[in-house]
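Letter by letter, the chains look like this.
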Amino acid sequence: MKRVCLLAAIAMVNSGCLATVEDGRRAEADSMNPLAERYVKLVLALGQHDSDYVDAYYGPPEWRTAAETEKRPLAEIDKEAIALQQSLASAAPAAHGEEIVRLRHTYLTKQMGALRTRVAMLSGGKLTFDEESKALYDAVAPTNDPATFERTIQELGKRLPGSGSVLERYDAFRSRFIIPRDRLDATFKAAIAGCRSRTLQHITLPPSESFTVEYVTNKSWSGYNWYQGQYKSLIQVNTDLPIYVDRAIDLACHEGYPGHHVYNVLLEKNLVRDRGWVEFSVYPLFSPQSLIAEGTANFGIDVAFPSQDRVAFERSTIFPAAGLDPAGAAEYYDVLALVDRLSYAGNEAARRYINRQLDATEAASWLERYALYSPPRAAQRVRFIDQYRSYVINYNLGKDLVKQYVESQGGTASDGAKRWQMFERLISSPRLPSGLVGG
Ligand SMILES: [Zn+2]
């Protein structure tokens, strides 16, 4: 039905009818639809070579079946990808056109570049950490001198009680804030309810949206949102390692509201359903879209819970649900704020490991020393880096870029309503990382 209307619109413009400006813009957008379809099919074809690549797909099921049946070789996928890049280059929308249509074209172009990079990697091509992150995620993480991390660790050393190394004392301090296994589900449910009600005060979601939570083991990640389409997500929480109380709100916001679940719901509602832009029904993990997804999911925690609000909610709701003494909440979050300054040490470990300056054991030691990961958590993180490589930048650099962008649009912490509005606008659009800077 939709396609018939679109073709009619294009025919009207081509035949020289008196089309309105609006018709012209619509036709411009619609002329990209066949290119978008080719893109989706290429992503699905590449997914046959890389089980982590297609993170979500809810477009026509027969396209996936065809990809599975055809199992196109990498060289053939690359050839078609080059052809699609050329078609995209000659379909650039007018500079004065609707912004979202220009963003769509840029999105497809950048996503295609990343797809070809992934093809090259799967074909044996080698890139440095920064080359890879630039090609896959449209961004390069800053480099940091370990001395800056050491200064923060010294500060922590003065703050944490007990004897032993700072890592040992941090571990001992944190052990008071572990959610007991039998209280995990109740604690997450309380966190999800808090994140959801805050989100719904500012963002309208389709009434049928929902997600289910599962507890899993033996994964390299701590939580995962598998978007199913039809406004539904499956959220998995990994229980391999102890789960600290801060993870309840962090995961509920990041994976759920207003993070990945809301991001995917809004893309499905605004772009796939309302505009018929089929490219958003597939989500290739190793692509610039991931920096936006992870960055908004992490920044979304602060949007939903500005710092004092967070501590108050932890005290009143989360700590009691976890059976923990709420009196320790403020001190715990003060210490975590300091530890958060070490997050870029994780990127340094990954960069040096991927660039073969550190082996796996040395990378784990680096994480323990500069990012204060406990030994089991450092080992898990190295497994994550093995699997996802430069993807690690999407979390912290992604958050920082998203924060800067939202604030540059007026969405500062002192104006919560505007911040929500700018946040919603970003997660409803095809904007990619390089479009966050100066845009
Ligand atoms: Zn995530």
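Residues numbered from 1 in each chain as written. Predicted model: local features only at pLDDT ≥ 70, side-chain atom pairs only at ≥ 80, totals over all residues. Heavy atoms only, no water.

Quick notes on the overall build of the protein chain
Then, in step 1: For the protein chain, the helix and strand inventory stands at 20 helices and 5 strands.
Then, in step 2: A compact globule built from 439 residues would reach a C-alpha radius of gyration of about 22 Å, and the protein chain, at 23 Å, matches this within 12%.
Then, in step 3: Here the protein chain, with 439 residues, has 53% of them falling under the buried criterion.
Then, in step 4: Sequence-distant contacts, at least 24 apart, represent 72% of the contacts inside the protein chain between residues at least 6 apart.
Then, in step 5: Here the protein chain displays about 18,900 Å² of accessible surface, and carbon together with sulfur accounts for 52% of that area.
Then, in step 6: When the 51 basic and 53 acidic side-chain charges of the protein chain are each reduced to a single mean position, those positions are 1 Å apart. (Helix = DSSP H or I, 4+ residues; strand = E, 2+ residues; numbered from the N terminus. Rg over C-alpha atoms; globule rule 2.2 N^0.38 Å. Buried < 20%, exposed > 50% of the residue type's maximum accessible area, 1.4 Å probe, protein only. Contact = heavy atoms within 4.5 Å. Areas by Shrake-Rupley, 256 points an atom, 1.4 Å probe, with all protein chains shown as cover. Lys, Arg positive; Asp, Glu negative; His and termini not counted. Charge placed at Lys NZ, Arg CZ, Asp CG, Glu CD.)

Here we look at the coordination of the zinc ion
Then, in step 1: Within the first shell, the zinc ion binds the protein through His254 (NE2), His260 (NE2) and Glu294 (OE), at distances of 2.0 to 2.1 Å.
Then, in step 2: The motif formed by the donor residues of the zinc ion, counted along the single chain, is H-x5-H-x33-E. Note that histidine 254 is positioned in helix α11 (residues 246-256) and glutamate 294 in helix α13 (residues 289-304), a separation of 40 residues in sequence. We note that histidine 254, like glutamate 294, is buried. (Donors = N, O, S within 2.8 Å, 3.2 Å for Na, K, Ca; no water.)

A closer look at empty space enclosed by the protein
Left-over empty space is what a probe sized like a water molecule reveals as it rolls over the atoms.
Then, in step 1: According to the stated counting rule, one finds 3 cavities of 30 Å³ or more in the structure shown.
Then, in step 2: In this structure, the largest cavity is lined by Phe188, Ile192, Phe211, Val213, Ile235, Val237, Leu251, Ala252, Glu255 and Gly256.
Then, in step 3: Breaking the lining of the largest cavity down by element, the ones donating at least two residues are α10 (184-200), β2 (210-216), β4 (232-238) and α11.
Then, in step 4: For the lining of the largest cavity, the class distribution of residues is 8 nonpolar, 1 polar and 1 charged. (1 Å grid on protein atoms, 1.4 Å probe; cavity = no way out; pocket = protein on both sides within 12 Å on 5 of 7 lines; lining within 4 Å. Points joined across faces, edges and corners; volume = space filled by probe spheres on them. Nonpolar A, V, L, I, M, F, W, Y, C, P; charged D, E, K, R; others polar.)

Comments concerning the sheet that holds strand β3 (residues 223-229)
Then, in step 1: The mixed open sheet is built from 3 strands, whose spatial order is β2-β4-β3. If you trace the sheet from one side to the other, it starts and ends with β2 and β3, each paired once. If you compare each strand with its neighbour and ignore which way they point, the axes differ by 20 degrees on average.
Then, in step 2: Sheet topology note: the β2/β4 ladder contains 7 bridges and is parallel. Bridging from a neighbouring strand, serine 210 pairs with lysine 232 of β4.
Then, in step 3: α11 rests against β2, β3 and β4 of the sheet, and its axis sits at about 30 degrees to β3.
Then, in step 4: The strands touched by helix α12 (residues 260-273) within the sheet are β2, β3 and β4, with β3 carrying the most contacts at an inclination of about 20 degrees. (Pairing = 2+ DSSP bridges. Axes fitted to C-alpha atoms, helices over the stretch in contact; angles between N-to-C directions.)

As for the pattern of salt bridges
Then, in step 1: Counted under the stated rule, the structure contains 28 salt bridges.
Then, in step 2: A salt bridge links glutamate 132 to arginine 389, with the nearest nitrogen and oxygen atoms 2.7 Å apart. Highlighted residues: glutamate 132 in helix α7 (residues 129-137) and arginine 389 in the loop between α18 (375-388) and α19 (393-408), separated in sequence by 257 residues.
Then, in step 3: Look at glutamate 132 and you get buried, because its relative accessible area is 1%.
Then, in step 4: Beyond isolated ion pairs, a larger network of salt bridges with shared partners links Asp130, Glu348, Arg351 and Arg352. (Salt bridge = Lys/Arg side-chain N within 4 Å of Asp/Glu carboxyl O.)

Side note on the side chain of glutamate 314
Then, in step 1: Position of glutamate 314 among the secondary structure elements: in helix α14 (residues 307-322).
Then, in step 2: With near-sequence residues (within four places) excluded, glutamate 314 lies in contact with Val245, Ile249, Phe319, Pro320 and Tyr333.

Some points on the environment of glutamate 331
Then, in step 1: Position of glutamate 331 among the secondary structure elements: in helix α15 (residues 329-340).
Then, in step 2: It is 15 Å that separates the C-alpha atoms of glutamate 331 and glutamate 155, two residues lying 176 residues apart in sequence.
Then, in step 3: If sequence neighbours within four positions are ignored, glutamate 331 has contacts with Arg159, Phe173 and Arg176.

Things to note about the confidence of the model for the protein chain
Then, in step 1: Confidence along the protein chain averages 92 in pLDDT terms, with 93% of residues attaining 70 or more.
Then, in step 2: Confidence drops under a pLDDT of 50 for residues 1-19, and excluding neighbours within four residues, the segment shows 17 contacts in the predicted structure. (pLDDT = per-residue confidence, 0-100.)

Considerations on unusual backbone geometry
Then, in step 1: At the junction of tyrosine 257 and proline 258, the peptide bond is cis and its omega measures out at 0 degrees in the coordinates.
Then, in step 2: As for its position among the elements, proline 258 is in the loop between α11 and α12.
Then, in step 3: In this model, lysine 71 sits at a positive phi of 40 degrees, which is unusual for a non-glycine residue.
Then, in step 4: Relative to the assigned elements, lysine 71 resides in the loop between α4 (61-70) and α5 (74-89).

Quick notes on the nonpolar core
Then, in step 1: In this structure, Tyr39, Leu115, Leu156, Val245, Ile249, Tyr332 and Ile393 are the most contacted members of the largest nonpolar core, which totals 141 residues.
Then, in step 2: Once you skip the residues sitting within four places of it in the chain, valine 245 turns out to touch Phe177, Ile179, Glu314, Ile318, Phe319, Ala322, Leu324 and Tyr332. (Core = buried A, V, L, I, M, F, W, Y, C linked by side-chain atoms within 4.5 Å.)

Remarks on the side chain of arginine 169
Then, in step 1: Tracing the backbone shows arginine 169 in helix α9 (residues 166-174).
Then, in step 2: Notably, arginine 169 is buried but unbridged: the nearest opposite-charge side chain belongs to glutamate 168, and the N-O separation is 7.1 Å.
Then, in step 3: At 3.2 Å, the side chain of arginine 169 forms a polar contact with the backbone oxygen of glycine 164.
Then, in step 4: Among residues more than four places away in sequence, those in contact with arginine 169 are Gly157, Leu160, Pro161, Gly162, Ser163 and Gly164. (Polar contact = N/O pair within 3.5 Å; in protein donor to acceptor, adjacent residues only side chain to side chain.)

A short note on the pairing of β4
Then, in step 1: When you tally the buried positions in β4, you get 6 out of 7 residues, the bulk of the element.
Then, in step 2: Both β3 and β4 contribute to a ladder of 6 bridges, which runs antiparallel. For asparagine 225, the partnering residue across the bridge sits in β4 and is isoleucine 235.
Then, in step 3: In this antiparallel pair of consecutive strands, β3 and β4, the connection spans 2 residues, and glutamine 230 shows a positive phi of 60 degrees.

A few points about helix α17 (residues 360-371)
Then, in step 1: If you check α17, its first and last C-alpha atoms are 15 Å apart, about what 12 residues at 1.5 Å a residue would give, namely 16 Å.
Then, in step 2: When α17 is considered as a whole, its buried residues turn out to be Ala363, Ala364, Trp366, Leu367, Tyr370 and Ala371. For α17, the arc enclosing every buried residue in end-on projection is 155 degrees, short of the 170-degree limit, so these residues lie on one face. α17 presents Thr361 and Arg369 as exposed residues on the side facing more than 90 degrees away from its buried surface.
Then, in step 3: Taken together, the buried residues of α17 touch α8 (146-159), α16 (343-354) and α18.
Then, in step 4: Residue leucine 372 follows α17 closely and has a positive phi angle near 60 degrees. (Expected span 1.5 Å × (residues − 1). Arc of directions from axis to C-beta.)

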